[in-house]
Amino acid sequence: MSPNAVACGVRIIGIDPGSQRTGVGIIDIGEDGRSSHVFHTAINLLGAEDFAGRLKLLFDALGAIVAEHAPQEAALERVFLARNPDSALKLGQARGAAICALAQHGLTIHEYAAREVKQAVVGSGAGDKAQVQHMVGLLLELRERLQADAADALAIALTHAHVRASVTRLGVTRQAWRRRR
């Protein structure tokens, strides 16, 4: 484990994949169950020459972040149905690059629907981006305004932390938890 990794508890990386920007957020969950902010960023992929270059940039940048911060668990936003088939395919390819980068570092990936993330963080599955940004800032005691993709990634990590705690407390498997929803 790297010197930057959490000594006890668990470190979670949350990913909000996108073909133009991918949000990354890392939190630590202490033995007492409290969440604390470690790192967040939005990886800008638009500087690449072509779409394949974007995917490589995402793969490499995410791999470097994982190597530096040594998360033990990963959470990713589940794909949603887009109105535009081309956008949906590009999003799927970006998700694939992110999943490969995480898997290359031996991380198991947990997926959450956008509605589930909003429900966990805002209290309503219909919450908007501004509400997510605000609540993530409050929950992690951040003073600066968060970039939207980074806030979403931190929200995904927080959702995984909440689900993880509930599954442990109830003594059920993750699959059983999913069936209850």
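Below is a short write-up of the structure. The structure displayed is predicted, hence computed values, not measured ones. (Residues numbered from 1 in each chain as written. Predicted model: local features only at pLDDT ≥ 70, side-chain atom pairs only at ≥ 80, totals over all residues. Heavy atoms only, no water.)

## Topic: the sheet that holds strand S3 (residues 35–44)
Right, on to step 1. Here five strands make up an open sheet; going across it, the order is S3-S2-S1-S4-S5 and the pairing mixed. In the strand order of this sheet, the two ends are held by S3 and strand S5 (109–112), each with one partner. Across the sheet, the mean angle separating the axes of adjacent strands is 20 degrees when strand polarity is ignored.
Right, on to step 2. As paired strands, strand S1 (residues 10–16) and strand S2 (residues 21–29) are joined by seven bridges and run antiparallel to one another. Its bridge partner lying in S2, Asp 16 is registered against Gly 23. (Pairing = 2+ DSSP bridges. Helix = DSSP H or I, 4+ residues; strand = E, 2+ residues; numbered from the N terminus. Axes fitted to C-alpha atoms, helices over the stretch in contact; angles between N-to-C directions.)

## Here's the deal with the packing of helix H3 (residues 114–122) against helix H4 (residues 129–139)
Right, on to step 1. For the pair H3 and H4, the least separation of the axes is 9 Å and the interaxial angle reads 50 degrees. Overall, the two elements H3 and H4 adopt an arrangement that is oblique. Relative to H4, H3 is oriented so that their crossing is left-handed. Across from Lys 118, Val 121 and Val 122 in H3, the residues of H4 making contact are Gln 131, Val 132, Met 135, Val 136 and Leu 139.
Right, on to step 2. A per-class count over the contact of H3 with H4 returns six nonpolar, one polar and one charged. (Parallel < 35°, antiparallel > 145°, perpendicular 65-115°, else oblique. Left-handed = near helix turned anticlockwise from the far one by under 90°. Contact = heavy atoms within 4.5 Å. Nonpolar A, V, L, I, M, F, W, Y, C, P; charged D, E, K, R; others polar.)

## Thoughts on the pattern of salt bridges
When charged atoms on two side chains of opposite charge get close, those side chains can pair.
Right, on to step 1. With the rule as written, the count across this model stands at eight salt bridges.
Right, on to step 2. With a shortest N-O distance of 2.9 Å, Asp 149 and Arg 21 are connected by a salt bridge. Here Asp 149, found in helix H5 (residues 148–170), pairs with Arg 21, found in strand S2; they are 128 residues apart in sequence, far enough to count as distant.
Right, on to step 3. Relative accessible area serves as the criterion here: at 13%, Asp 149 is assigned to the buried category.
Right, on to step 4. Residue classification places Arg 21 among the partly exposed residues on the basis of a relative accessible area of 36%. (Salt bridge = Lys/Arg side-chain N within 4 Å of Asp/Glu carboxyl O. Buried < 20%, exposed > 50% of the residue type's maximum accessible area, 1.4 Å probe, protein only.)

## Observations concerning the side chain of Arg 95
Right, on to step 1. Here Arg 95 lies in helix H2 (residues 85–104).
Right, on to step 2. A relative accessible area of 9% means that Arg 95 is categorised as buried.
Right, on to step 3. Within polar-contact distance, the side chain of Arg 95 engages the backbone oxygen of Glu 77 at 2.5 Å.
Right, on to step 4. Not counting the four nearest positions on each side in its chain, Arg 95 is found in contact with Pro 17, Leu 76, Glu 77, Arg 78, Val 79 and Glu 111. (Polar contact = N/O pair within 3.5 Å; in protein donor to acceptor, adjacent residues only side chain to side chain.)

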